[in-house]
Amino acid sequence: MSANAFKSWTSSHSESAGQQLQDPKSWASFRRKAFASFAEKPFPPFKYGLDIRSDVSRLDWEKFFFDATPAKPFMQELGNGAVMCDFATAFREFPEEMDEYLGKQLRLSEKMEALHAAFLSSGVFIYLPAGVQLSKTIHVSSVLEKHSRIGHVLVVAEANSSASILQELKSEFPHLHEPVFDSSVLEIVAKENASIRVGRLQDFSPSNVFHHSIFRADVAANALVHMEWAEFGGEWVKSEYASSLLQSQAASSNVGVVLAAHAQQLDVHQAVRHVSPHTRSELLMRGCLDESAKCIYNGLIRMEKEAVVSQGKQACDLLLLSPLAEADPVPSLEILNSDVKCSHAATVGRLDKEKLFYIASRGVSEEVARSMVIAGFYENILAHFSMPELKAKCQSLLEGRLKLNTHTFETIERDSTQGVNA
Amino acid sequence: MDANAKPVTKSDVSALVALDRDVFDHADTEKHTYKSVPGLTEELVREISKQKNEPQWMLDLRLKGLHHFLRTPLPDWGPSLKKLNFDEIIYFARPDAKQDSTNWEEVPKEIKTTFDRLGIPKAEQQWLAGVGAQYDSDVVYHKIRDDLAAKGVIFEDMDVALQKYPELVKQHFMTNCIPVTDHKFIMLHAAVWSGGTFIYVPKNVKVDLPLQAYFRMNAKKGGQFEHTLIIVDEGAQLHYIEGCSAPQYNANSLHAGCVEIYVKKGARMRYSSVENWSKNTYNLNTKRGIVEENGLLEWVSAQTGSGVTMLYPCSVLKGQYAKADHISIAVAGKNQDQDTGAKVYHLAPHTSSIIRAKSISKDGGISTFRGHVKVIKGAKDAKVSVKCDALMVDAISVSNTFPYMKIMESEVDVAHEATVGKIDAEQLFYLMSRGLTEEQATQMVVAGFIEPIVKELPLEYAVELNRLIELEMESH
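Definitions and limits used
Residues numbered from 1 in each chain as written. Chains lettered and ligands numbered in written order. Predicted model: local features only at pLDDT ≥ 70, side-chain atom pairs only at ≥ 80, totals over all residues. Heavy atoms only, no water. Contact = heavy atoms within 4.5 Å. Buried area = accessible area lost by both parts, 1.4 Å probe. Salt bridge = Lys/Arg side-chain N within 4 Å of Asp/Glu carboxyl O. Polar contact = N/O pair within 3.5 Å; in protein donor to acceptor, adjacent residues only side chain to side chain. Helix = DSSP H or I, 4+ residues; strand = E, 2+ residues; numbered from the N terminus. Nonpolar A, V, L, I, M, F, W, Y, C, P; charged D, E, K, R; others polar. Pairing = 2+ DSSP bridges. Buried < 20%, exposed > 50% of the residue type's maximum accessible area, 1.4 Å probe, protein only. Axes fitted to C-alpha atoms, helices over the stretch in contact; angles between N-to-C directions. Parallel < 35°, antiparallel > 145°, perpendicular 65-115°, else oblique. Left-handed = near helix turned anticlockwise from the far one by under 90°. Arc of directions from axis to C-beta.

K.L.:
Just give me the short version of the interface of chain B and chain A, but keep the residues and values in it.
P.N.:
Opposite the 36 residues of chain B that make contact, chain A presents 38 residues. Overall, the association of chain B and chain A removes approximately 3000 Å² of surface from exposure, summing both partners, and the carbon and sulfur fraction of that is 50%. Per-residue buried area on chain B facing chain A is highest for B:Y404, B:K406 and B:S410; these three make up 18% of the total on that side. Seen at the junction of chain B and chain A, the total is eight salt bridges. Put simply, B:K406 and A:E326 hold a salt bridge, and the shortest N to O gap is 2.8 Å. Summed over the shared surface of chain B and chain A, the result is 21 residue pairs in polar contact (both at pLDDT 80 or more). Mapped onto the side of chain B that touches chain A, the elements with two or more residues apiece are strand 20 (337-346), strand 22 (366-375), strand 24 (398-407) and strand 25 (412-422) of chain B. At eleven residues, the largest contribution of residues to the side of chain B that touches chain A is made by strand 25 of chain B. Of the residues contributing to the side of chain B that touches chain A, the split by class is 16 nonpolar, nine polar and eleven charged. Across four bridges, strand 22 (residues 326-335) of chain A lies against strand 24 of chain B in antiparallel orientation. The partner of A:A327 across the bridge, within strand 24 of chain B, is B:I407.

Dropping the structure here:
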């Protein structure tokens, strides 16, 4: 361990994180508030309903080491005045924006969110001035090394701007041997008429990575936020993808895929809050669980009183590939006004035996047939991905995991557009 | 499902003698031989047991319930129970009547009038195989058709059954199905339970007409804690119906009943209930059944009364090929919080369950569906289907859906779907263009919405339910 590493969740650790980030006054006081809230609450049990709970028995909060080296400052021009920079730079160059938006979507009354704000030590700020439309995808990827990390991305998209942002999370080695904690928050502020796509590909080591992540978007009038994500790695993962449709005609879509095996524990939350009239949302998720993997799915559409003439739709499908896998879906609705259209559906099942038989009868081995049916199951949801780069990456990762030939997805896509596989 | 169930038509509804909300809300003059002081004490629990001349084990069970009740916090989820003051409730009130009479003429006049108004003896003559009536803490009347009694069917007041069939009761009373410590309100129930029904249907006996019990809470600030224990032995069949009502007082009353059902191998049981407690009742009821191999348990529930309801009938599918069918309708009006749902545990292979829940929210009412379905490892080929539909009549009401599912077996088919929406403007427009008023058109759309559930009820109940919902809609 380097000389300036931290182990415990103390106020001095919180202060050092502040020095790393060069906190301005306002953020320093926010951080202190966060630490106070963090200190007074116990770690949550990650329990839902009567007996649905994420297994945290291997999660030892005292085992994690944090690097105290300050991040290298950088400032990248993205074109037409759009920039991306580290938080220390942002505090200097964009003090008003940082002050107004950073951490504002966090709820400090929640232990894990207070933890994030109290120990936050690195961040990326993306600023899109009004009217700027970027065609090139912005990458905010990072690689998890031996140290635990508390990282943040803040995206402020002014009126009429548009951009695609892709976050890839990987660990240094495919399998880590020491436990590492990663708390990752991505906040999006989408102002009037902005159109933002955010993609996330999480492919951490399936062992020893404990990952807590939050994607949240505040969506203004006529703005659109697409969240597209894939959760493949992590020994223990709790991820939330949520948007608040704050003004009329705001819309969001939220599409995700999950593939878990080994003893991975996933706790995925997809949520949307309709606050204003004429808002639309869609939450879709599909996943396969192999070996003794377990996935909890919490979906929530909340329609507030004022959110009249709004539409929300949610669908979650989980396949259990092994006798030891477990799926616990909880698709909830909270509807506080009647002038809405809202529906949800959730299924848990197994591979369709008839499909398997049909493919096997064409002379394909059982193992390949199985992989092809799984690929078909995923293709159905990957078709909703609007970021080609993310889609291609997910497809090739899935092909690798499912031991499929490369270009299997391409073949399925081609066949289905030609009606062969209909 | 009953193939002979007739659809309910408009003429059935109008044929019914005008059913008045007042019939339920009306309070009778209170006449009690014993009425406890408000509040819950060990002394009271001992007094109840003493008055009923109970065996020691039952007193022990009551004391155990009390012990745990006093040490258990209120649930930290669901509707607010803040206004429920346990110290104000009268836990035990015995009406001035001969207990457990089998002769309707012996029932005191005031009580008789109430049940007459509710149509109980008339129903018995026409289409029931047996009927029981409970008034506050005591069962005042019960009767079963002679031929069924001759076949060994037992239909008794729970208190009497404890004296007459001590072994059978001891074996099943709050043991495997709903243990005393299950949750806070079951602990309370164990401590102060009184009255209720005990039914035993012997092997292969098919009870062709329904058995019915009617529960009436009359004492002001009263509590009713009836215990229902039903054992349907191998290959037997039973349909049991319960109805509930209470007068409208200004003070809150509490209902914490307990229903335990044993469905043995190959048996079929249908439990229907039409609940219409007054709007200031806290209805915190617990119903659970254990279903053995090839057994079938059906819950048909209609929930229109009570201020706060927390009720989640539960089926434990213990044997292979066991089946559960939950059908429910809940109506939440002004100041009502209907928190209902279903729980199903799939513990064996080839078990299947269907949950169909419908709810109507109006005048600011809150209706919540809360489901809990668990499929354990090894329950291969389990099938689960959950479908919730919510209808919202106005802009100020609330509808929630919280379906929890825990699926630990991979060879399963589980599907859940839910929809929430308002009354279709096009349907209203169409009906109104045919000359109906908006109110009539709304009622017709609502009748169509609940039809799939109503048709599962016997005709008389279906008519009553339709009328109740019409009444609710009219008061809108």
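Additional details are given in the paragraphs that follow.
K.L.:
Talk me through the environment of A:F87; I want residue IDs and the actual numbers.
P.N.:
All names here are of chain A. With respect to the helices and strands, the residue F87 is situated in helix 3 (residues 87-93). Given the relative accessible area of 0%, F87 is considered buried. Once the C-alpha coordinates of F87 and M75 are considered, the two residues, twelve residues apart in sequence, prove to be 10.0 Å apart. When sequence neighbours within four positions are dropped, the list of residues in contact with F87 reads L21, M98, L102, L120, G123, V124, F125, H152 and L154.

K.L.:
With reference to specific residues and values, describe the packing of helix 11 (residues 425-433) of chain B against helix 12 (residues 438-454) of chain B.
P.N.:
Residues and elements named next belong to chain B. Following both chains from N to C, one finds helix 11 and helix 12 inclined at 125°, their axes separated by 9 Å at the closest point. Our classification of the angle between helix 11 and helix 12 gives oblique. In terms of crossing hand, the pair formed by helix 11 and helix 12 is right-handed. Within the contact between the two elements, helix 11 uses Q427, L428, L431 and M432 and helix 12 uses E438, A441, T442, M444 and V445.

K.L.:
Residues and numbers for the environment of A:Q133, please.
P.N.:
All names here are of chain A. Of note, Q133 is situated in the loop between strand 7 (122-128) and strand 8 (138-139). On the basis of relative accessibility, which here comes to 52%, the residue Q133 falls in the exposed class. Separated by 30 residues in the primary sequence, Q133 and A163 place their C-alpha atoms 6.1 Å from one another. A distance of 3.2 Å separates a polar atom in the side chain of Q133 from the backbone oxygen of N160.

K.L.:
Tell me what's going on with the pairing of strand 19 (residues 323-332) of chain B, and back it up with residues and numbers.
P.N.:
Residue and element names in this part refer to chain B. Burial runs high along strand 19: nine of the ten residues are buried. In this sheet, strand 19 lies alongside strand 16 (residues 296-303) in parallel orientation, the contact comprising eight bridges. Bridged to L296 within strand 19 is K323.

K.L.:
I'd love a proper account of helix 3 (residues 42-51) of chain B, names of residues and values included.
P.N.:
All names here are of chain B. Buried residues of helix 3: L44, V45, I48 and S49, and no others. For helix 3, the angular spread of buried residues about the axis comes to 135°, placing them on one side. The exposed residues of helix 3 that point more than 90 degrees off its buried face are E43 and K50. Looking at the packing, one finds that the buried side of helix 3 touches strand 1 (32-35), helix 4 (56-71) and helix 10 (184-192).

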